[in-house]
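Structure assessment
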Amino acid sequence: METAKKNKGLYIVLSVLIAVVLWMYVGKVVNPEIDGVVRNLPVSFVGLDVLEDRGLMISDGLDRTVTINVKGKRDLVNKLSGETVSVTIDVSSIAQPGTYTQAYQVTPSVGGTVSIIDRHPLNVEFTVAKLAVRTVPVQPNFTGGVAEGYQAGEFSFSPSTIEVKGEESLVNQIDYAQVTLDKTELSETYSGDLPYVFISYNKEVMDGANLETNVPLIRTTLPVVQIKEVPLTVNILPGGGAAKDNITYEISPKTIMVAGSAGDLEGVKEISLGDIDLAKVLGSDTLSFPITLAPELTNVSGVSEAAVTITVEGLTPATLEVDNIELINKPAGYTATAVTQSRQVQIRGSEEAVASVSPSQLRIVADLGQAVAATGTQTIPVKVYLDGRSDVGVVGEYNIVVSISR
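So, here is what we can say about the structure in this document. Position labels on residues start from 1 in each chain and follow its written sequence. For this predicted model, a pLDDT threshold of at least 70 governs which residues receive local features, and a threshold of 80 or more governs which side-chain atom pairs are given and counted, while totals over whole chains, interfaces and linings are taken from all residues. As a convention, hydrogens and water are excluded, and side-chain values are obtained from all of the structure's heavy atoms.

**Re the overall build of the protein chain**
Looking only at helices and strands, the protein chain has six helices and 32 strands in total. Burial classification: accessible surface area is computed with a 1.4 Å probe over protein chains only, and a residue below 20% of its type maximum counts as buried, one above 50% as exposed, and the rest as partly exposed. Residues counted as buried form 34% of the 406 residues belonging to the protein chain. Should any heavy atoms of two residues lie within 4.5 Å, those residues are counted as being in contact. Restricting to contacts in the protein chain with at least 6 residues of sequence separation, those with at least 24 account for 75%. Summed over its atoms, the accessible surface of the protein chain is roughly 23,400 Å², and 50% of this surface lies on carbon and sulfur atoms. Residues scored as positive are Lys and Arg, those scored as negative are Asp and Glu, and His as well as the terminal groups of each chain are ignored. Here the site of a charge means NZ on Lys, CZ on Arg, CG on Asp, or CD on Glu. In the protein chain, 30 positive and 47 negative side-chain charges are present, and the distance between their average locations comes to 15 Å. Going along the chain from the N terminus, every DSSP run of H or I of four or more residues is numbered as a helix, and every run of E of two or more is numbered as a strand. Under the convention used here, a 1.4 Å probe and the Shrake-Rupley method define accessible areas, while residue burial counts only the protein chains that appear.

Okay, here's the thing in C-alpha cells:
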C-alpha cells in the first residue's frame, strides 16, 4: 500500500513536468516569433471636423495606404489586417490650405505585443484645400418622348435643390444638377428616384468624386396627359324677332387643344362659351367670351378668349317713338315720376310684319323695386313689351330717367 502511494505521487510530478515541457515547446516551437508584412493598410485622418470648422478639407490623399513590417508571435502577426491595425494622421493643427507630408501612427489591436520594424512610405503626402458649401438647382434632361396624342407637362423635383460640399475650386464651377429621364412612348405620368450629375457653367459634366451632397437620388415627376381638339360652341337664344335661321356666326378660334386624363376627356365633346341673346344683337356684332374649362382640364392652346362674329340677315328693322311708360313697384313712402317722356324703340321682323306694328302696341315698363331708396333722379333699366305680335320682336336694351321724391 505504501509503495502504491509513492508511485501515485511520482506520476503527478511527472505529469506536471510534461505539461510544462509541452507548454514551453508550444511557446517556442509551435508559436515562434516571426517577421511579417501587412500591406494596403488604409490611412485615417483624425481632426477632419476641426478642419471643416476652419473652412478647410482634404482634397487629395484620403485614399492613401501604407505597408508595415512587423515582428511578433505568429498567432498575433497572423491577426494583423486593415481591421486590426489603425493607421492615423492628426490634421487638427493645420490652419492653411497647402500640400503636407506627415508621419502616421500605427496601432495594432491584437491583444499582444507586436513590434513595427519598418514602414513604407515613412510619411504620407496629402493636400488641404478651401472648403465650400453651395445650394444648386435641379434641372431636367428629357431624352425620351411621349406617345402620340399625349403631352408632357413640367418636371417637378423633390428636393428641387441640392446642397453640395467640397473643394472650393470645384464647387464654384457647378451651374446646376441635371437629372436625365430616358423614357419613350410615355402615356402616363412618370414618377421615380433618379441619379443626377453636376453640370458646369461651361455645360460640361463634372466629376463628383470629391463632392459631398445631402441626397443620393432625386424624386422626379413628369406629368403626362392626353390632349384632344375640342370645338367651341355658343347657345343662340331667339329674340328681337330673330331666330337661329336668321343669323350667321363664326367663332374664332373654332377649336382649342385641351389636356387632361383619358377619363376626364372622354366625355368632352364641345366647350360652350355661353348664350347669345338675339334681342341684343343689332345687325352685326362681335362678342368676346372667356374660355372656361373644368378644373381637371387644361387649355394648352394658350388662347383665353374667343370672338364670336354674328350677323342677323333677312329681317327688316324699324324704329318707333314710344310714350307708353309705366312705373311699377315704387318704393314705399316715395313718389316716382318718369322724367323721360318717350323713347325710340327698335323692332325687327319681316318687312310686311314690321310695317303693320303701331307704337301703341309697345309698352315701356320700369321696375323700381331695384331702385336706390333715395330722392333725386335715377337712371332705371326698362323692359319693352310688344303686345299682340309674335312675328316681330324688340331689339336692344333701354333705360329711362326717373325722379324720386318723398
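**Observations regarding the environment of Y249**
Inspection of the secondary structure puts Y249 in strand β19 (residues 247-252). On a C-alpha basis, the gap between Y249 and T180 in space is 49 Å, while along the polypeptide they are 69 residues apart. Apart from residues no more than four positions distant in its own chain, Y249 is found in contact with V234, I236, K244, V308, T309 and I310.

**Some remarks on the pairing of strand β32 (residues 398-405)**
For a regular strand, the rule is simple: side chains alternate between the two faces of the sheet. Of the two faces of β32, the one lined by Y398, I400, V402 and I404 is fully buried and the one lined by N399, V401, S403 and S405 carries no buried residue. In terms of strand pairing, strand β27 (residues 335-338) meets β32 through four bridges, oriented antiparallel. By the bridge assignment, A336 is partnered in β32 with I404. Both strand β30 (residues 376-386) and β32 contribute to a ladder of seven bridges, which runs antiparallel. Bridge pairing links Q378 to V402 in β32. Each pair of strands is called paired provided DSSP finds at least two bridges between the two strands.

**Details of the packing of aromatic side chains**
A pair of aromatic rings is counted whenever rings of Phe, Tyr or Trp (Trp by its six-membered ring) have centres within 6.5 Å, and the orientation is called stacked for planes under 30 degrees apart, edge-to-face for over 60 and tilted otherwise. Applying the stated criterion across every chain, the model contains five aromatic pairs. Ring geometry for F45 against F126: centres 5.1 Å apart, planes inclined by 70°, an arrangement best described as edge-to-face. Taken as a pair, F45 in strand β1 (residues 33-46) and F126 in strand β8 (residues 123-142) lie far apart in primary sequence, 81 residues in all. With respect to class, F45 is no different from F126; both count as buried. Ring plane angle 75° and centroid distance 6.0 Å describe the contact between F142 and F155, whose orientation is recorded as edge-to-face. With a gap of 13 residues between them, F142 in strand β8 and F155 in the loop between β9 (150-152) and β10 (156-158) connect regions that are remote in the sequence. Joined through ring pairs, the aromatic side chains of F45, Y100 and F126 make up one cluster.

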